[in-house]
Amino acid sequence: MLKVCKFGGSSLAGAAEFLRVRDLVAADVARRVVVVSAPGRRHPDDQKITDLLYLCHAHLRYGVPCWELWRRVCDRFLAIRDGCGLHMPLEQELESIYASLNSRTEEDFLASRGEYLAARLMTELLGYAFVDAAEWLCFDYDGQVRQEESYARLASLADGRKIVTPGFYGTLPDGGIHTFPRGGSDVTGALAAAALRAEGGKRQSVFPLEKRYGTAQQSCRGERAQTAASVPANFCHVYTSSFFDCLVLFYLPPFRAMSHMKFSCVADAPDPEQTESR
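Residues numbered from 1 in each chain as written. Predicted model: local features only at pLDDT ≥ 70, side-chain atom pairs only at ≥ 80, totals over all residues. Heavy atoms only, no water.

(A) Molecular detail of the overall build of the protein. Looking only at helices and strands, one finds seven helices and 11 strands in the protein. For the protein, buried positions account for 51% of its 278 residues. Sequence-distant contacts, at least 24 apart, represent 71% of the contacts inside the protein between residues at least 6 apart. If you sum the accessible surface of the protein, you get close to 12,600 Å²; carbon and sulfur atoms cover 48% of it. (Helix = DSSP H or I, 4+ residues; strand = E, 2+ residues; numbered from the N terminus. Buried < 20%, exposed > 50% of the residue type's maximum accessible area, 1.4 Å probe, protein only. Contact = heavy atoms within 4.5 Å. Areas by Shrake-Rupley, 256 points an atom, 1.4 Å probe, with all protein chains shown as cover.)

Encoded structure:
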């Protein structure tokens, strides 16, 4: 059995949250694939890492120094590393990224570094292998996911290993970074589960859910969906359906009051009755 777990920004806001994720993943040997977002807000007045990175790009675009913003990004990641007792030489990564920034830096590249760095830290914390989303999630130039190519790449790269992969981004045919719209790490999680045939043998399409604290409700224009029956109390309901036939766990921190979150469809799913014989 294999389960793909996706952890959002509020679940990765600081070192304590990273350590909680480690414990959750270790609690079930089937949780072998982890998809991460960039760190979110630690408190209501805080800023998400992705928001800071978009601000950095706006500064660069207009020729305004972004060092103070970048320093805040660095401080967040270094605090997570040190709070988790990790030894990754993160300063080198951060310095290399900052040295590469200029007015021609692509917005998607810079925005994706939050997920990339979070995944690098989570990889060391869990003792898993790191698989960069840029190595497997393929987009056309119009931003459409090349699903079969992406599935084949991830299956080859994972090869039965326990892995961490960043959410939110992939690559264009020319090798440039391309991101989903905000919230796209959830789509990455669904695609990873489909590629690796998590909790099932067929690749089918996941119905999105509207998720509330402690509950999950279908919000996909009336399509029929199905939630897994046994989900730990500190997880949102798992969603499954007849097109991906997979299991993806989305962690909701039990200590945070959260409003609802909506996720976009990965693909239009056929009627379940029409897929029975497939």
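(B) View of the packing of aromatic side chains. Taken as a whole, this structure holds four aromatic pairs when the rule is applied. Judged by centre distance (6.1 Å) and plane angle (25°), the rings of Trp70 and Tyr98 are stacked. One end of the pair, Trp70, is in helix H3 (residues 67-83); the other, Tyr98, is in helix H4 (residues 90-100), and 28 residues separate them in sequence. For Trp70, a relative accessible area of 1% puts it in the buried group. (Phe/Tyr/Trp six-rings, centres within 6.5 Å; stacked < 30°, edge-to-face > 60°.)

(C) Quick peek at the environment of Gly9. Along the chain, Gly9 falls in the loop between strand S1 (3-7) and helix H1 (15-26). Overall, the relative accessible area of 17% leaves Gly9 in the buried class. Residues Gly9 and Gly114 lie 105 residues apart in sequence; the distance between their C-alpha atoms is 9.9 Å. If near-sequence neighbours (up to four positions away) are discounted, Gly9 is found in contact with Ser37, Ala38, Pro39 and Gly40.

(D) The arrangement of helix H2 (residues 49-61) in detail. Over its 13 residues, H2 extends 19 Å from the first C-alpha to the last, a length consistent with the 18 Å expected when each residue adds 1.5 Å. Residues of H2 that are buried include every one of Ile49, Thr50, Leu52, Leu53, Cys56, His57 and Leu60, and no others. In a view along the axis of H2, the buried residues occupy a sector of 160°, so they form one face of it. Buried residues along H2 sit in contact with H3 and helix H5 (107-126). After H2 finishes, the residue Gly63 shows a positive phi value of roughly 75°. (Expected span 1.5 Å × (residues − 1). Arc of directions from axis to C-beta.)

(E) Here's a closer look at the pairing of S1. With respect to burial, S1 is a largely interior element, five of its five residues being buried. Pairing between S1 and strand S2 (residues 31-36): five bridges, direction parallel. Across the sheet, residue Lys3 finds its bridge partner in S2, namely Arg31. (Pairing = 2+ DSSP bridges.)

(F) Focus on the confidence of the model for the protein. Per-residue pLDDT for the protein has a mean of 78; in total, 71% of the residues score no lower than 70. Within the model, the stretch residues 200-247 combines pLDDT values under 50 with 143 contacts to residues more than four positions away or in other chains. For the stretch residues 252-278, pLDDT sits under 50, and the model shows 63 contacts to residues farther than four places along the chain or on other chains. (pLDDT = per-residue confidence, 0-100.)

(G) Here's a closer look at H5. The end-to-end C-alpha distance of H5 is 30 Å, a good match for the 28 Å that 20 residues give at a rise of 1.5 Å each. Where H5 bends most, the angle comes to about 35°, and this point is Arg113. Burial within H5 is extensive, with 16 of its 20 residues counted as buried. With its phi angle positive at about 75°, Gly127 sits one or two positions after the end of H5. (Bend = angle between axes of the 7 residues up to and from the residue.)

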